[in-house]
Amino acid sequence: MSQHGDVWVFAEVDDGRVADVSLELLGKGRELAATLGVGLGAVLLGHRTRGLAEKLFAHGADTVYSAEDERLAQYTTLPYARVLTDTIREKKPEIVLYGASPLGRDLAPRVASALKTGLTADCTDLQIGTYESGGRLYQQKLLQIRPAWGGNIIATIVSPDVLPEMATVREGVMHIPEPAEGRTGKLVEIPVNLDAECAAVKVIERHTQPRRVDLKAANIIVSGGYGVANPEGFRLVHELAAVLGGAVGASRAAVDAGFVHHDHQVGQTGTTVRPKLYIACGISGAVQHRAGMEESAKILAINSDPSAPIFGIAHYGIVGDCREVLPRMIKALKGKL
Amino acid sequence: MRIVVLVKQVPDTKNVTGEVMKPDGTVNRGALAAIFNPEDLNALEMGLEMKERFGGEVIVLTMGPPRAAEILKDSLCRGADRVILLSDRRFAASDTLATSYTVAQAITTHLAPYDVVLCGRQAIDGDTAQVGPQAAEKLGIAQVTYADRILDFDGTKLTIRRDLGRSQEVVEVRLPALLTVPKTANSPRWPNARLLLKYRRARSAFEVEAEAKAQGRSVDEVVGGLRQRGLFVETWGAEDIGADLARIGISGSPTKVKKVENVVLTGANLKLFPADDHGVRDLINELIDERTFG
């Protein structure tokens with residue numbers, strides 16, 4: 001028997017599917033559980049969602065804690081928080097991880113407050129390590145690593161004296177593990193005890209727009225920033241992406257300027273990407289943007305300002321105006337590819 | 001309708017200019033300006049609009065060091081009816097759990113019964129978005145995060161649109177409830193010129209202490225005068241809100257910072273190409289050669 005409790009992942013269900021971020025967390029959770037020598041659990045709440053347990057097993061869960069109830073059919077904070085809090089109190093996991101999605105960031109703090117435990121938001125890395133304080137050495141603690149101060153610092157947070165250790169984790173940062181089809185585990189039914197107070201919020205309607213672009217799956221991303229100057233300049237970004245068979249990304253400045261839809265935004269408040277090639281056109285490279293793309297295998301920066309921070313992380317650079325450089329690239333590529 | 005708005009003074013992390021960069025490429029955090037957390041201004045605006053539509057009062061509450069009174073005075077100038085500064089050395093180093101306990105304790109002991117608690121979606125220093133939901137839990141009330149439009153109020157229930165990025169939701173919530181407000185909700189109004197003039201002389205307890213000493217007057221006398229004119233920024237410490245000392249500040253904070261690293265630009269062996277046709281062609285050939293393309 002390990003002295004530790006299990007590692008748990010809250011399995012977010014989005015439109016009848018397990019959200020990518022939850023699968024990403026199962027990959028990370030597997031690693032953490034192996035280091036601690038414990039099992040990996042997933043908590044699956046909903047109505048007619050039990051079939052998704054297979055997917056959780058395939059992605060590494062040893063145990064799926066499942067609650068099926070009509071009142072859980074649609075996510076609302078209070079019923080989900082109540083069931084999860086009750087289950088954590090009973091089963092005593094060591095670690096509970098949530099996606100830093102709108103849902104995870106609504107649910108996790110509510111649960112943390114009820115359990116009077118620590119919670120770190122929007123982590124970009126998780127490790128098991130030691131923590132020393134007041135002459136006391138804590139072993140095998142969850143190191144919760146996250147950017148703060150607008151990305152200007154990276155902080156490592158621990159919750160040494162309380163359990164469970166909890167964190168929300170940024171979407172797209174961890175890798176989804178290869179599923180092992182046919183892998184099974186234990187399905188544990190958990191009770192649902194809700195009172196009238198839990199029904200304080202009622203969802204009247206809900207609309208979801210499909211994502212306009214799948215940045216996470218793209219091998220090549222051509223991103224435009226404020227430096228492309230105007231919507232016409234941004235058309236060149238689209239054109240280069242089309243020639244390369246890549247996806248179109250953008251900095252927040254370009255999105256705020258209305259050049260392109262928010263779905264294309266890369267960075268701290270957008271999508272985190274790590275393509276084979278990231279072409280940054282007219283992007284200065286604010287920390288918030290770099291946080292979302294600096295793990296790209298190769299980075300090409302095109303910017304008229306030679307002192308732009310983007311050149312600090314780029315592998316290739318062209319100092320020049322995108323409106324002149326991009327047409328040259330498009331022309332040259334059309335002859336090559 | 002009694003509306004309590006939770007606000008925070010934060011370092012202006014979104015405006016890191018050359019002057020606050022140290023030679024080693026890291027940020028001199030002390031040099032960042034202290035500002036009204038942007039989304040808390042959206043929360044205040046929503047509160048003021050609700051008051052205009054449904055009647056009532058807007059009370060603004062912040063926890064912070066003495067200088068956080070600045071954003072409370074700003075709130076008065078934008079139309080808040082009453083402001084409260086929660087400030088006590090023992091509140092220092094609070095994480096989100098201790099902060100939510102402290103503000104919830106202040107609300108429960110002094111501001112109940114209330115109808116709505118509003119706060120910004122998140123603050124730009126920590127970007128955690130946790131204090132809102134945690135305070136709602138401490139208060140034992142429902143929460144509606146990402147509340148970007150108040151559609152209706154029937155006397156007991158608010159109908160609210162939530163902006164969840166890729167999806168929108170309309171929910172109905174029984175009051176009291178806590179709402180967190182994203183920047184998409186509205187455009188915050190500017191301070192009003194008449195109110196700026198009126199609240200020029202507003203003072204917090206800390207300021208009164210310093211000024212009374214300098215003028216050789218008693219603190220009570222000065223506070224009394226300010227109160228009479230509605231210019232006193234109420235200031236509460238741990239005892240005023242009956243706080244359990246084990247749940248505030250560092251002892252009430254389960255999370256600890258193990259380490260902080262400054263983000264430094266890491267050079268990636270940048271290879272520069274000229275911006276002309278030749279340079280572009282050489283670059284493309286190199287990318288093809290190393291199989292990044294194709």
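Residues numbered from 1 in each chain as written. Chains lettered and ligands numbered in written order. Predicted model: local features only at pLDDT ≥ 70, side-chain atom pairs only at ≥ 80, totals over all residues.

Visitor: In this structure, what is going on with the overall build of chain B? I would like to understand it.
Guide: Scanning chain B from terminus to terminus reveals 8 helices and 15 strands. Over its C-alpha atoms, taken along the principal directions, chain B stretches across nearly 80 × 55 × 45 Å. Counting all 294 residues of chain B, 47% fall into the buried class. (Helix = DSSP H or I, 4+ residues; strand = E, 2+ residues; numbered from the N terminus. Buried ≥ 20, exposed ≤ 12 C-beta atoms within 10 Å, placed from the backbone.)

Visitor: What should I look at first to understand the sheet that holds strand S1 (residues 7-11) of chain A in this one?
Guide: In sheet architecture, strand pairing relies on hydrogen bonds along the backbone and comes in two forms, parallel and antiparallel. Residue and element names in this part refer to chain A. One open sheet accounts for 7 strands, arranged S7-S11-S6-S1-S4-S5-S12; its pairing is parallel. Sheet topology places strand S7 (119-123) and strand S12 (186-189) at the edges, where each strand pairs with a single neighbour. Neighbouring strand axes in the sheet, compared pairwise and without regard to direction, differ in orientation by 25° on average. Here 5 bridges tie strand S6 (residues 95-99) to strand S11 (residues 165-169), and the two strands are oriented parallel to one another. When the bridges of S11 are listed, Leu97 appears paired with Ala167. Together, S1, strand S4 (40-46), strand S5 (63-68) and S6 form the strand contacts of helix H3 (residues 77-91), whose direction differs from that of S4 by roughly 150°. Sheet strands in contact with helix H4 (residues 102-115) are S1, S6, S7 and S11, and its direction is about 165° off that of S11. (Pairing = 2+ DSSP bridges. Axes fitted to C-alpha atoms, helices over the stretch in contact; angles between N-to-C directions. Contact = placed C-beta atoms within 7 Å.)

Visitor: Would you explain the interface of chain B and chain A in this entry?
Guide: Interface extent is often summarised as the accessible area lost during association of the parts. Taken residue by residue, the interface counts 65 residues in chain B and 70 residues in chain A. Going through the elements one at a time, helix H3 (96-111), helix H4 (131-139), strand S7 (142-144), strand S10 (167-174), strand S14 (256-262), strand S15 (271-273) and helix H8 (277-289) of chain B are the ones with two or more residues in the side of chain B that touches chain A. The element contributing the most residues to the side of chain B that touches chain A is S10(B), with 8 residues. Of the residues belonging to the side of chain B that touches chain A, the class tally is 29 nonpolar, 19 polar and 17 charged. Here 6 bridges tie strand S10 (residues 153-158) of chain A to S14(B), and the two strands are oriented antiparallel to one another. (Nonpolar A, V, L, I, M, F, W, Y, C, P; charged D, E, K, R; others polar.)

Visitor: Just checking my understanding: could you explain the sheet that holds strand S9 (residues 136-148) of chain A for this structure?
Guide: One open sheet accounts for 4 strands, arranged S8(A)-S9(A)-S10(A)-S14(B); its pairing is antiparallel. Pairing within the sheet leaves two strands with one partner each, and these edge strands are strand S8 (125-133) of chain A together with S14 of chain B. Neighbour to neighbour, the strand axes of the sheet diverge by 35° on average, direction disregarded. The sheet contact formed by S8(A) and S9(A) spans 8 bridges and is antiparallel. By the bridge assignment, Glu132(A) is partnered in S9(A) with Leu137(A). This element, helix H1 (residues 20-36) of chain A, spans S8 and S9 of chain A of the sheet and lies at about 40° to S8(A).

Visitor: Where do I start with the nonpolar core in this structure?
Guide: For soluble globular proteins, the rule of thumb is that nonpolar side chains tend to be buried together. Leu56(A) and Val5(B) are the most contacted members of the largest nonpolar core, which has 131 residues in total. With 7 residues, the top contributor of residues to this core is H3(B). Setting aside residues up to four positions removed in sequence, Val5(B) forms contacts with Ala43(B), Leu44(B), Gly47(B), Val58(B), Val60(B), Leu118(B) and Cys119(B). Counting 49 residues, the second largest nonpolar core, distinct from the first, contains Phe234(A), Val260(A), Leu277(A) and Ala308(A). (Core = buried A, V, L, I, M, F, W, Y, C linked by C-beta atoms within 7 Å.)

Visitor: Honestly, the domain arrangement of chain A in this entry has me stumped. Any pointers?
Guide: All names here are of chain A. Per the domain assignment, the segments of chain A are domain 1 (7-199) and domain 2 (215-336). Put simply, the middle of domain 1 and the middle of domain 2, counted by C-alpha atoms, are 34 Å apart. Every contact between the two is made by 7 residues of domain 1 and, on the other side, 7 residues of domain 2. The residue makeup of the side of domain 1 that touches domain 2, split by class, is 2 nonpolar, 4 polar and 1 charged. (Domains from an automatic or database assignment.)

Visitor: Help me out: how do you make sense of H4(A) in this one?
Guide: Within an α-helix, residues lying three or four positions from one another point in the same direction, as the helix has 3.6 residues per turn. Residue and element names in this part refer to chain A. Taking 1.5 Å of rise per residue, 14 residues should cover 20 Å, and H4 covers 21 Å from first to last C-alpha, within 8% of that figure. Burial analysis of H4 places 13 of its 14 residues in the buried class, the great majority of the element. Just downstream of H4 lies Lys116, where phi reads positive at about 50°. (Expected span 1.5 Å × (residues − 1).)

Visitor: Before we go on, may I ask you to explain the packing of H3(A) against H4(A) in this structure?
Guide: Between two packed helices, both the angle of their axes relative to each other and the distance between the axes serve to describe the pair. Residues and elements named next belong to chain A. As a packed pair, H3 and H4 sit with axes 9 Å apart at the nearest point and diverge in direction by 50°. Compared by their axis directions, H3 and H4 come out oblique. Judged by the sense of rotation from one axis to the other, the crossing of H3 with H4 is right-handed. Residues Thr77, Tyr80, Ala81, Leu84, Thr85 and Ile88 of H3 form the contact with H4, whose own contacting residues are Asp106, Leu107, Arg110, Val111, Ala114 and Leu115. In terms of residue class, the contact of H3 with H4 is built from 8 nonpolar, 2 polar and 2 charged. (Parallel < 35°, antiparallel > 145°, perpendicular 65-115°, else oblique. Left-handed = near helix turned anticlockwise from the far one by under 90°.)

Visitor: Even after reading the chapter, I still don't get the pairing of strand S5 (residues 82-86) of chain B, so can you show me in this structure?
Guide: Across a regular strand the side chains alternate sides, sitting on one face of the sheet and then on the other. Residue and element names in this part refer to chain B. Within S5, 4 of the 5 residues are buried, which leaves the element mostly enclosed by the surrounding structure. Of the pairings in the sheet, the one linking strand S4 (residues 57-63) to S5 comprises 5 bridges and is parallel in character. Bridging from a neighbouring strand, Met63 pairs with Leu86 of S5. Viewed along the sheet, the connection from S4 through helix H2 (residues 69-78) into S5 turns out right-handed. (Right-handed = clockwise from strand over helix to strand, strands pointing away.)

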